Amino acid sequence: MKLIFAGTPVFSVKSLEAIFRAGYEIDAVLTMPDKPQGRKQTLLPSPVKEAALRLGLPVLQPVRLREELSALADRGADLMVTCAYGQILTREVLELFPLGVWNVHASLLPAYRGAAPIARAILDGCSETGITIMKTDVGLDTGDIFLQERIPILRSDTCGSLSERLSASGAKLIVEALGKISRGEEILRAQGEGTKCGKVVRTAVDFSRSAREVSALIRALSPAPLAYAVCDGREYNLFFAEETEGSGACGEILAASRREGGLIVACGEGAVQITELQPAGGKRMSAADFLNGNKLQKGMRFDQPVL
RNA sequence: CGCGGGGUAGAGCAGCCAGGUAGCUCGUCGGGCUCAUAACCCGGAGGUCGCACGUUCGAAUCGUGCCCCCGCAA
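Procedures and definitions
Residues numbered from 1 in each chain as written. Chains lettered and ligands numbered in written order. Predicted model: local features only at pLDDT ≥ 70, side-chain atom pairs only at ≥ 80, totals over all residues. Heavy atoms only, no water. Helix = DSSP H or I, 4+ residues; strand = E, 2+ residues; numbered from the N terminus. Buried < 20%, exposed > 50% of the residue type's maximum accessible area, 1.4 Å probe, protein only. Contact = heavy atoms within 4.5 Å. Areas by Shrake-Rupley, 256 points an atom, 1.4 Å probe, with all protein chains shown as cover. Lys, Arg positive; Asp, Glu negative; His and termini not counted. Charge placed at Lys NZ, Arg CZ, Asp CG, Glu CD. Polar contact = N/O pair within 3.5 Å; in protein donor to acceptor, adjacent residues only side chain to side chain. Pairing = 2+ DSSP bridges. Axes fitted to C-alpha atoms, helices over the stretch in contact; angles between N-to-C directions. Near = heavy atom within 4 Å. Nonpolar A, V, L, I, M, F, W, Y, C, P; charged D, E, K, R; others polar. Parallel < 35°, antiparallel > 145°, perpendicular 65-115°, else oblique. Left-handed = near helix turned anticlockwise from the far one by under 90°.

1. Here we look at the overall build of chain A
Inference 1: Of the regular secondary structure elements, chain A holds eight helices and 18 strands.
Inference 2: Viewed in the frame of its principal axes, chain A has a C-alpha envelope of about 65 × 45 × 35 Å.
Inference 3: Counting the 307 residues in chain A, one finds 46% classified as buried.
Inference 4: At a minimum sequence separation of 6, the contacts of chain A that also span at least 24 residues come to 64%.
Inference 5: Of the roughly 14,800 Å² of accessible surface on chain A, 50% is carried by carbon and sulfur atoms.
Inference 6: Counting 36 positive and 36 negative side-chain charges, chain A places the averaged centre of each group 4 Å from the other.

Spelled out as structure tokens, the structure:
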């Protein structure tokens, strides 16, 4: 069984490595073209490309997959595995693989089809999410479900930490799936009605929301694209905040010292303790380190975002 | 030439504009207090002030050049 792996971000790397380690013949790895990153606009390879090169696998980076059909077809793979690849597959692509195209998706489909299922699940305050291995069809994450694993969402989870566990789960499940497929044991079930989620963007924290929602927003967008807040003309990226006791005007800093319990900000309902942040121009640091610099004082207020 | 912040002790910062003894919070080490402590008190160690050149009696501070880090935007 010869297969092609398609993936792009770090989330996909564990699946690629697991499939490789399980001994499957990976004919080529598809990933998005190198993109200019950062201030210097330097061209950077995707995490999957780096992993593929490390494993000595051939890498293909078509800008538009549907324009490289013949090249793909020539490789004669039996099956394709996709995992956050970044391109919608057309019917012509799907038809190239006799054993089908299988996708690793980071949600319990049919919930959270689409771009940012992990962040959305945290944002919505879900207590669990999971991984679905599905047989890709022409719709957006609408294919029949093959395998699923539920993963709890912890109060301490950020999109980053949850992604790591989901990524590991996905790697385990896709290997399991390939085993069953190679033995002709796949049993599928249709999804039915589902929900779609769009990608998440950098967002200003609205401290008039409840502490639960503020914490969820901050954790859902961490470590990227991040929630932020402005105080005293300076912007702060927020990496982590948990709900805590406290009340005051929305956005008011209720405490800004270790003695008083850290950096605590009043929300519309309750308060949050911010434990990791990054001032504009500065580095990411713990609230304890940040407070040593005395930039924010009790009584100051974070700006209310213009809605 | 996209906009902007920054490099001072292990960490986070002040000092720079108006040159003249290296400062704060924390950590660390030692001692004390306490049933005890992440609490409190006392004391100590620890810094080529990013690099180079220049101005000056004297530069963290002023001037020139360079290196590096970071936020936004793309």
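2. Comments concerning the environment of T132
Inference 1: As for its position among the elements, T132 is in strand β9 (residues 128-135).
Inference 2: Given the relative accessible area of 0%, T132 is considered buried.
Inference 3: C-alpha of T132 to C-alpha of S107: the two residues are 25 residues apart in sequence and 6.2 Å apart in space.
Inference 4: A polar side-chain atom of T132 sits 2.8 Å from a polar atom in the side chain of Q148.

3. Section: the pairing of strand β7 (residues 101-105)
A regular strand carries its side chains on alternate faces of the sheet.
Inference 1: Among the five residues of β7, five are classified as buried, and the element is accordingly described as predominantly covered.
Inference 2: The pairing of strand β6 (residues 79-83) with β7 spans three bridges and is classified as parallel. Residue T82 lies in a different strand from β7, and its bridge partner there is N103.
Inference 3: Alignment of β7 against β9, held across four bridges, turns out to be antiparallel. Across the sheet, residue W102 finds its bridge partner in β9, namely K135.

4. As for the sheet that holds strand β2 (residues 25-30)
Inference 1: Taken together, seven strands build an open sheet; the order of strands is β5-β2-β1-β6-β7-β9-β10 and the sheet is mixed. Either end of the sheet is taken by a strand with one partner, and the two such strands are β5 (59-60) and β10 (144-152).
Inference 2: Sitting on the sheet, helix α1 (residues 10-21) is in contact with β1 (2-7), β2, β6, β7 and β9, with an inclination near 165 degrees to β1.
Inference 3: Relative to β10, helix α6 (residues 159-182) is tilted by about 145 degrees, and along the sheet it contacts β1, β6, β7, β9 and β10.

5. Topic: the protein's contact with RNA strand B
Inference 1: By nearness alone, 17 residues border RNA strand B, and R39, Q41, G282, N292 and K295 come closest of all.
Inference 2: Of all RNA strand B atoms lying within 4 Å of any protein atom, the proportion belonging to sugar or phosphate reaches 64%.
Inference 3: The separation between a phosphate oxygen of RNA strand B and a polar side-chain atom of R202 is 3.1 Å.
Inference 4: One of the side-chain N or O atoms of K295 is found 2.4 Å from a phosphate oxygen in RNA strand B.
Inference 5: Looking at the surface near RNA strand B element by element, the count peaks at three residues for helix α8 (residues 287-292).
Inference 6: By residue class, the composition of the surface near RNA strand B is three nonpolar, eight polar and six charged.

6. Side note on the packing of α1 against helix α2 (residues 47-54)
Inference 1: For the pair α1 and α2, the least separation of the axes is 8 Å and the interaxial angle reads 25 degrees. Classified by the interaxial angle, the pair formed by α1 and α2 is roughly parallel. Between α1 and α2 lies a crossing whose hand is right-handed. Every residue of α2 that contacts α1 at V10, S12, V13, L16 and E17 is listed here: P47, V48, A51, A52 and R54.

7. Looking at the side chain of S107
Inference 1: Position of S107 relative to the elements: it lies in the loop between β7 and β8 (113-114).
Inference 2: Residue classification places S107 among the buried positions, given a relative accessible area of 0%.
Inference 3: Here the side chain of S107 touches A111 through a polar contact of 2.6 Å, landing on its backbone oxygen.
Inference 4: Excluding residues that lie within four positions of it along the chain, S107 makes contacts with Y112, P117, T129, G130, I131 and T132.

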